[in-house]
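Report on the structure
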Amino acid sequence: MGVSVAYSHVVGVWRSFFPTVSLEQIINLHKRFKQLSGNEDTISRENLDSIPALATNPIRKQIIEAFFDKRNQRQDEVGSFHEIGFEQFLMVMSHFRPPTLKTTEEEREVMRREKLRFLFNMHDTDSDGTITLDEYRKVVEELLSKSGAIGLEAAKAIADAAMLEVASTNVPHMEPDEFYEGITFEHFEQILKGLEMESRMHIRFLDVNTTTMHCGK
Amino acid sequence: INTWRSQFSQLTFIGEIPPKPTGSVTVLPPIKPNDGPQAFPDAEKENLPVFTMDYPRIQIPFEITLWVLLASFAKIGFHVYHKITVWVPESCLLISIGLIVGAIMHSVHEEPPAVLTSNVFFLYMLPPIVLDSGYFMPIRPFFENVGTVLWFAVVGTLWNSIGIGMSLFAICQIEAFGVQDINLQENLLFATIISAVDPVAVLSVFEDVSVNEQLYIVVFGECLFNDAVTVVLYNMFNFVAEMPVVEPVDVFLGVARFFVVGLGGMGFGVLFGFAAAFTTRFTANVREIEPLFIFMYSYLAYLVAELFAISSIMAIVTCALTMKYYVEENVSQRSCTTIRHVIKMLGSISETLIFFFLGVVTITTEHEWNWGYILFTLLFAFVWRGLGVLVLTQIINPFRTIPFNLKDQFGLGYGGLRGAISFALAFTLPDNIGRRQLFITATIAIIIFTVFIQGISIRPLIEFINVRRTNRNLGTINVEVHCRLMEHTIAGIEDLCGQWSHYYWKDKFLKFNNRVLRKILIRDNRAESSIVALYKKLELQNAMEILDTVSGDISAAPSIVSLYEEKKSSAKPKKKFMAADLRNMHDLLSKNMYKIRQRTVAYTRKHALPNESQTKEILMRRHASIRRSLRPGSFQSSVVPKSHKYFSLPAGKSLDSKFPPGRLSHAGKLSKPSLKGCTLYSNQLPHMPYGGLFC
């Protein structure tokens, strides 16, 4: 069929990385991609901004930005795109694939690390490899912004305390004049060491709900 | 006198009164001497008795109290030798003690109290246990796994009941065992009784070993909900067993009734839960009786459900689940602690009593033993549970986000111990069932077998096969922040892809909750994010820890540490202080705690006074040093000297000179404080290591 020929190269790329996804899921995602892009081949930030369901999400900016972030493309580049194509879209989505019964321990480790990396990139907006206090603060403020009457002070306080936690866990013996620059990726991994990510950071690639596709725009 | 006593014995619902030589003497009214002709001229004048005893009057409460005390002493006894409870689950120990007491009672030919009559068990002993389970159910993992839990509870129980029932019926046809008179309905009834799982022992093992959260919650939830299913099935089969012929209409009605019962129970529970939450909104001025509302409403939910013969267990569980969240925000800290503690206590007593009586009754009932039937019962129970778990897991695994591997399935299957519910249901079998004694014997046999053999062996097995474990709830701020971050990310990506999953529903429910429910049910409603709530809680906990490390006992201060975490207090050094010092210390600490709290609150206020940053920094530094000093490795007596070094500075010196290393500054904002205004309290209390810092 014409459809499968068009998708075959995409499927090839996908399959080489993530053999657990079925063609149907990719087709569904492609449909959604086309819908978001207005039948173009690329999506821009404005397309994603205009999704009404995302409007109430407190961290929508970070999420949207994550799609355009080059660091999430697993190619060691830095910076961000203006527009992304379907392959880049899939690449970002691949961060959220769930483990199956067949995934081995090393693969789980790799997946976990990817997810942590994704979260780290969400914080680290200037791509310098560390999360500074300001960047952390920003994320916490966004997180709390929709929760009602919590002031900026609270967010700052929480961010401060969180940084303190990271510092005290990772660098327990600091000299009086030392600065704690920012959270590096290793420290980040360390502080979230016990947190179980598999159950929280994945989506099931189910059928796209066609009714919401139409009224979602 | 004797007639009086025998009348009393008929009134007791708790059992026979053994003829006890009590020597009770009743007071006769004194005979007044008349002037007229006396009917009994030789009547004696009774003196006022100085010492009387009246046993029958207090008999019922007295015996109840004694039994409860005896069971509780047994519990104390186990923990004297610490190692026992690690390897042998408490239920085993209780049953053993019960067996011993039963043997004693049997040898003196006394009857145990008939505690397991239907009403006493189902109205008084079961609700606390179920309330305990329901109230302390971890909500988030439960809702994430609710499908699996219900699947195993409902379908699993049905599978077990019908499977075991049919197999036993097949066995009954074999002449050699001599049980041909048991028909299919009775077999099904019996099978229902023994398919009620009660993994109390297993859950404590799971908790100790920290098995992964999904396995834990599925076992926990299955236990709870299959009680409900079993009771419903039991009543249904009971009804059916009395009918000579079963028609398809009856089966259909049975299924319909099942849904009515289940959903009705949930509905009632939610109703009463909201009522309780709403009531606590107005209890600000009657703090002493706040906990009462919780108990009354839950019990009311249970009783009303019993009234309509719908599932009371579901009702009370959903009531507890619904009201917990709102009530804990409305009531005071002390009421919250009281509620939790009392629920735990009542649940614990009930459970203890039940297992204890299991042991006692084992010896004292008349048994009817039938090797074939009982052995096959054991075999089938085991086999069908194992098969059930395997098959059901295969079906549900594709729908699960984290599928169960074989080790999890083993844990799930092997953890299917029988317990309290089976026991009680067996005793409430109606008398018209011919082989009632056989059923009771078989139930007891299977309970004892599973509790002892499986209960003791599950711990080494679980550790041996290395079931997937989970790191316990890390209540750090970073973890909480990132959990929320992940949830929002996933919800956002799902919206982006136009898909729905349970995060979507969770999001929607949370919004509804914030907008509507909280406004109605919570007293002063500030939509509080869980991050801020956790943060405040951690601050308070820090404050507690600061205080706790120096003083052995601050019983007046409210405790927010949950009951499970109190174990670690054994590591703290106990100091002896004189009475006057203690009073001073109490004073000092309560005032200082007030200051800390003020600081915490000030932390989150909007405006910032010029010296607020100073106190902030002090608090933050205190965190750092406290956290360091409270790390597990440093929990020896060196803890006290560290805080000693930190806090008790001679008056006048600045803080920096003795400040522990590791001053943390973040990107430029925080600076060195100067504590000119601070006075130090080290002179009045020479013994105290804790100097106190007042600014």
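Residues numbered from 1 in each chain as written. Chains lettered and ligands numbered in written order. Predicted model: local features only at pLDDT ≥ 70, side-chain atom pairs only at ≥ 80, totals over all residues. Heavy atoms only, no water.

The name recorded for chain B in an unreviewed UniProt entry is Sodium/hydrogen exchanger, from Myripristis murdjan.

An unreviewed UniProt entry lists chain A under the name Calcineurin B homologous protein 3, from Myripristis murdjan. Listed under Sequence similarities (unreviewed entry) in UniProt, the entry text for chain A is "Belongs to the calcineurin regulatory subunit family. CHP subfamily." (UniProt positions renumbered as here; feature names shortened; annotations may be inferred.)

Points about the overall build of chain A
Across its full length, chain A carries ten helices and four strands. Buried positions account for 53% of the 217 residues belonging to chain A. For chain A, long-range pairs separated by at least 24 residues make up 55% of all intrachain contacts whose partners lie at least 6 apart in sequence. (Helix = DSSP H or I, 4+ residues; strand = E, 2+ residues; numbered from the N terminus. Buried < 20%, exposed > 50% of the residue type's maximum accessible area, 1.4 Å probe, protein only. Contact = heavy atoms within 4.5 Å.)

Some words on the overall build of chain B
In terms of helices and strands, chain B carries 24 helices and two strands. Counting across all 695 residues of chain B, residues that qualify as buried make up 50%. Of all intrachain contacts in chain B linking residues separated by at least 6 positions in sequence, the fraction that spans at least 24 positions is 80%. With an accessible surface of roughly 33,900 Å², chain B has 65% of that area assigned to carbon and sulfur atoms. (Areas by Shrake-Rupley, 256 points an atom, 1.4 Å probe, with all protein chains shown as cover.)

A few points about a negative patch on the surface
Residues Glu105(A), Glu106(A), Glu107(A) and Glu109(A) make up a contiguous surface patch of negative charge. When you line up the elements, Glu109(A) lands in helix 6 (residues 105–123). (Patch = residues over 30% accessible without salt bridge, like charges linked within 9 Å, V, L, I, M, F, W, Y side chains within 5 Å. Salt bridge = Lys/Arg side-chain N within 4 Å of Asp/Glu carboxyl O. Lys, Arg positive; Asp, Glu negative; His and termini not counted. Charge placed at Lys NZ, Arg CZ, Asp CG, Glu CD.)

Here's the deal with the pattern of salt bridges
Across all of its chains, the model carries 13 salt bridges over all chains by this definition. Here Arg45(A) ties to Glu65(A) by a salt bridge, and the two come within 2.9 Å at their closest N and O atoms. Residue Arg45(A) is found in helix 3 (residues 45–49), and its partner Glu65(A) is found in helix 4 (residues 60–68); the two are separated by 20 residues along the sequence. The exposure class of Glu65(A) is partly exposed, given its relative accessible area of 33%. Of the charged contacts in the structure, one is a salt bridge between Glu463(B) and Arg459(B), with a shortest N-O distance of 3.6 Å. In this pair, Glu463(B) and Arg459(B) both sit in helix 18 (residues 436–465), four residues apart, roughly one turn of the helix. A relative accessible area of 10% means that Arg459(B) is categorised as buried. Taken together, the shared-partner salt bridges connect Lys61(A), Lys138(A) and Glu142(A) into one network.

What to know about unusual backbone geometry
Look at Asn39(A): it is not a glycine, yet its phi comes out positive at around 65 degrees. Structurally, Asn39(A) is set in the loop between helix 2 (23–37) and strand 1 (43–44). Phi angles above zero are rare outside glycine, and Ala309(B) is one such case at about 55 degrees. If you trace the backbone, Ala309(B) turns up in the loop between helix 12 (290–307) and helix 13 (312–330).

Let's talk about helix 5 (residues 86–93) of chain A
Most of helix 5 of chain A sits inside the fold, with six of its eight residues counted as buried. Residues of helix 5 of chain A that are buried include every one of Phe86(A), Phe89(A), Leu90(A), Met91(A), Val92(A) and Met93(A), and no others.

As for the environment of Pro138(B)
Residue and element names in this part refer to chain B. Summarising the element assignment, Pro138 is placed in the loop between helix 5 (118–135) and helix 6 (139–144). Once the C-alpha coordinates of Pro138 and Gly221 are considered, the two residues, 83 residues apart in sequence, prove to be 9.9 Å apart. With sequence-adjacent residues up to four places away left out, Pro138 is seen in contact with Ile217 and Phe220.

With respect to helix 12 of chain B
Residue and element names in this part refer to chain B. Compared with an ideal rise of 1.5 Å per residue, which puts 18 residues at 26 Å, helix 12 spans 26 Å between its outermost C-alpha atoms and is within 8% of the ideal. All of the buried residues along helix 12 are Glu290, Pro291, Ile294, Phe295, Tyr297, Ser298, Ala301, Tyr302, Val304 and Ala305. Ala309 occupies a position one or two residues after helix 12 and carries a positive phi of about 55 degrees. (Expected span 1.5 Å × (residues − 1).)

Observations concerning the confidence of the model for chain B
All names here are of chain B. Taken residue by residue, chain B gives an average pLDDT of 71. The fraction at 70 or more is 66%. In this model, residues 1–30 is a region of pLDDT below 50 whose contacts with residues beyond four sequence positions or in other chains number 33 contacts. When the criterion is pLDDT under 50, residues 586–621 qualifies, and its contacts beyond four places in sequence or with other chains add up to 58 contacts. Under the prediction, the complex receives an ipTM of 0.85, its pTM being 0.65. (pLDDT = per-residue confidence, 0-100.)

Quick word on the environment of Phe239(B)
All names here are of chain B. Examined against the element boundaries, Phe239 turns out to sit in helix 10 (residues 213–241). For Phe239, a relative accessible area of 58% corresponds to the exposed category. It is 9.8 Å that separates the C-alpha atoms of Phe239 and Leu189, two residues lying 50 residues apart in sequence.

Looking at the nonpolar core
If you look at soluble globular proteins, the nonpolar side chains tend to sit buried side by side. Counting 125 residues, the largest nonpolar core has Phe206(B), Val317(B) and Tyr373(B) as the members making the most contacts within it. Leaving out residues up to four positions away in the same chain, Val317(B) has contacts with Val130(B), Gly134(B), Met137(B), Leu224(B) and Phe225(B). The next biggest cluster of nonpolar side chains, apart from the first, holds 60 residues, and it includes Ile43(A), Leu90(A), Ile183(A) and Val479(B). (Core = buried A, V, L, I, M, F, W, Y, C linked by side-chain atoms within 4.5 Å.)

A word on the environment of Ile354(B)
All names here are of chain B. In this fold, Ile354 is placed in helix 14 (residues 333–364). The class of Ile354 is buried, set by a relative accessible area of 2%. On a C-alpha basis, the gap between Ile354 and Leu94 in space is 9.1 Å, while along the polypeptide they are 260 residues apart. Those residues in contact with Ile354 that sit more than four places away from it in its chain are Phe121, Met125, Ile129, Ala420 and Phe423.

A few points about the side chain of Thr130(A)
You can see Thr130(A) is positioned in strand 3 (residues 130–131). Those residues in contact with Thr130(A), other than ones at most four positions away along the chain, are Phe120(A), Asp124(A), Glu135(A), Gly182(A), Ile183(A) and Thr184(A).

Quick look at the packing of aromatic side chains
On inspection of all chains with the given rule, the structure shows 29 aromatic pairs over all chains. Taking the centre distance of 6.3 Å and the plane angle of 50 degrees together, the rings of Phe274(B) and Tyr326(B) count as tilted. Of the two residues, Phe274(B) is situated in helix 11 (residues 248–280) and Tyr326(B) in helix 13; the sequence distance between them amounts to 52 residues. Taking relative accessible area as the criterion, Phe274(B) reaches 28% and is therefore assigned partly exposed. Tyr326(B) gets classed as buried once you look at its relative accessible area, which sits at 4%. Taking 5.2 Å as the distance between ring centres and 15 degrees as the angle between the ring planes, the aromatic pair formed by Phe410(B) and Tyr414(B) counts as stacked. One end of the pair, Phe410(B), and the other, Tyr414(B), are both in helix 16 (residues 406–414), four residues apart, so they sit about a helical turn from each other. A residue is classified by how much of its surface remains accessible, and Phe410(B), at 31% relative accessible area, is partly exposed. Following the ring pairs from residue to residue traces out a cluster consisting of Phe33(A), Phe67(A), Phe86(A) and Phe89(A). Sitting over the ring of Phe68(A), Arg45(A) keeps its end group 4.7 Å from the ring centre. For Arg117(A), the ring lying beneath its charged end belongs to Phe185(A), and the centroid distance is 4.4 Å. (Phe/Tyr/Trp six-rings, centres within 6.5 Å; stacked < 30°, edge-to-face > 60°. Lys NZ or Arg CZ within 6 Å of the ring centre and 35° of its normal.)

Observations regarding a nonpolar patch on the surface
A cluster of nonpolar side chains, namely Ile58(B), Phe62(B), Leu66(B), Leu69(B), Phe73(B), Ile76(B), Val80(B), Tyr81(B) and Ile84(B), defines an oily patch on the protein surface of about 880 Å² accessible area. With seven residues, helix 2 (residues 55–80) of chain B is the largest single contributor of residues to the nonpolar patch.

Some points on the side chain of Glu142(A)
Residue and element names in this part refer to chain A. Examined against the element boundaries, Glu142 turns out to sit in helix 7 (residues 133–145). Overall, the relative accessible area of 16% leaves Glu142 in the buried class. Apart from residues no more than four positions distant in its own chain, Glu142 is found in contact with Pro58, Ile59, Lys61 and Gln62.

Quick look at the packing of helix 8 (residues 184–194) of chain B against helix 18 of chain B
Residue and element names in this part refer to chain B. Look at helix 8 against helix 18: their axes get within 10 Å of each other, and the N-to-C directions meet at 30 degrees. On the basis of their axis angle, the class for helix 8 and helix 18 is roughly parallel. Here the hand of the crossing between helix 8 and helix 18 comes out right-handed. Mapping the contact onto sequence places Glu186, Phe190, Ile193 and Ile194 in helix 8 and Phe439, Ala442, Thr443 and Ile446 in helix 18. Across the contact of helix 8 with helix 18, the residue classes tally to six nonpolar, one polar and one charged. (Axes fitted to C-alpha atoms, helices over the stretch in contact; angles between N-to-C directions. Parallel < 35°, antiparallel > 145°, perpendicular 65-115°, else oblique. Left-handed = near helix turned anticlockwise from the far one by under 90°. Nonpolar A, V, L, I, M, F, W, Y, C, P; charged D, E, K, R; others polar.)

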